[in-house]
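Notes for the structure review
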Amino acid sequence: MKKIVKNEYKKWLLATFCVFIPIVAIYMQETSTKHIIPKAIKVEALKALSYYPELKHTAIEFKFKNDIKKSIMQAQPTFWSLLKAKKNRSYKIFISESFQIEGRQFSTADIPKNVLIGWLGHELGHVMDYRDRSSLNLIWFGIKYTFSDSYIKEAERAADTYAVEKNMDGYILETKNFILNHTDLSEAYKDRIKKYYLSPDEIVKLVEDRDLDAALESEH
Ligand SMILES: [Zn+2]
C-alpha cells in the first residue's frame, strides 16, 4: 500500500516537472526576450507597457544611453530588424541616464515615478505608430523627422495621441506639467516641448473626445 502511494507521488512529481517546467521556461523566455528592461526603471516600464496589450509580443529593449541629442528619451526600430517582416521587427527605447539640457545636469532617478511612466508611455506611443509602417516608410520617416520641423510635430503628437487613446492621459499630463512647471529646466527646452507636443489643453480635449466616442459606442 505504502509503495503504491509512493509510486503515485513519484508519478505526480514527474507530471509536475513535465508540465510546469516547460510552461515556466516558455513564460520566462517570452517575457525576457520580448521586453528587455533595466532594473532601475522596471516597475515604471512594466506599468507603461500594461496599457499597450498589443505590444506584448513586440520585442522592445529599454536602454540607458549617454548622448541623446536634444531629448531625454527616444524610440526607434532596430536598424537590422528593418530587413525582417513587420511582425518580427524589434525596437529600442533609449533613455538618458543623466541628461543635460542647456548646460544643466539632471538625473533620470530624480524624475517622479508617474512622470517617468508618462514619458515611457509616450515612447511606446511611437512604437505603436512605427509598427504599422513598412520598413521603407520608416526609413523615409527617419529622414523627414531629421529635416522637417512640421514632421517632428506630427510624429510627437501622434505618439501623445496613442498614449491618450490608451488611457494614459493622467500620466501624460503629469509628465507635461512636470516639464512645463519645472523651474530648473530651460525655457528653450520648454519651448521645444510646447512647439512639438500636445499641450495640456489639447490632451484634455482628446480625453473628452475619447470618452464621448466610448459613450456613443456603448449606446449602440
Ligand atoms: Zn516623442
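See above for the structure.
Calculation notes
- Residues numbered from 1 in each chain as written.
- Predicted model: local features only at pLDDT ≥ 70, side-chain atom pairs only at ≥ 80, totals over all residues.
- Helix = DSSP H or I, 4+ residues; strand = E, 2+ residues; numbered from the N terminus.
- Buried ≥ 20, exposed ≤ 12 C-beta atoms within 10 Å, placed from the backbone.
- Pairing = 2+ DSSP bridges.
- Arc of directions from axis to C-beta.
- Contact = placed C-beta atoms within 7 Å.

Our focus in this paragraph is unusual backbone geometry. Unlike most non-glycine residues, Asn167 shows phi in positive territory, near 70 degrees. As for its position among the elements, Asn167 is in the loop between helix 5 (149-165) and helix 6 (169-181). Asn167 gets classed as partly exposed once you count the C-beta atoms within 10 Å, which come to 14.

This part takes up the sheet that holds strand 2 (residues 59-65). The strand order across the open sheet formed by 4 strands is 1-2-4-3, and the pairing between neighbours is mixed. Pairing within the sheet leaves two strands with one partner each, and these edge strands are strand 1 (35-36) and strand 3 (73-77). Bridge count between strand 3 and strand 4 (residues 90-96): 5 bridges; the pairing is antiparallel. Each residue of the ladder has a partner; that of Pro77, found in strand 4, is Tyr91.

Of all the positions in helix 2 (residues 42-49), only Glu44, Ala45, Ala48 and Leu49 are classed as buried. Here the buried residues of helix 2 occupy an arc of 135 degrees about the axis, which is enough to place them on one side. Looking at the buried positions of helix 2, the neighbouring elements they touch are strand 1, strand 2 and helix 3 (113-131).

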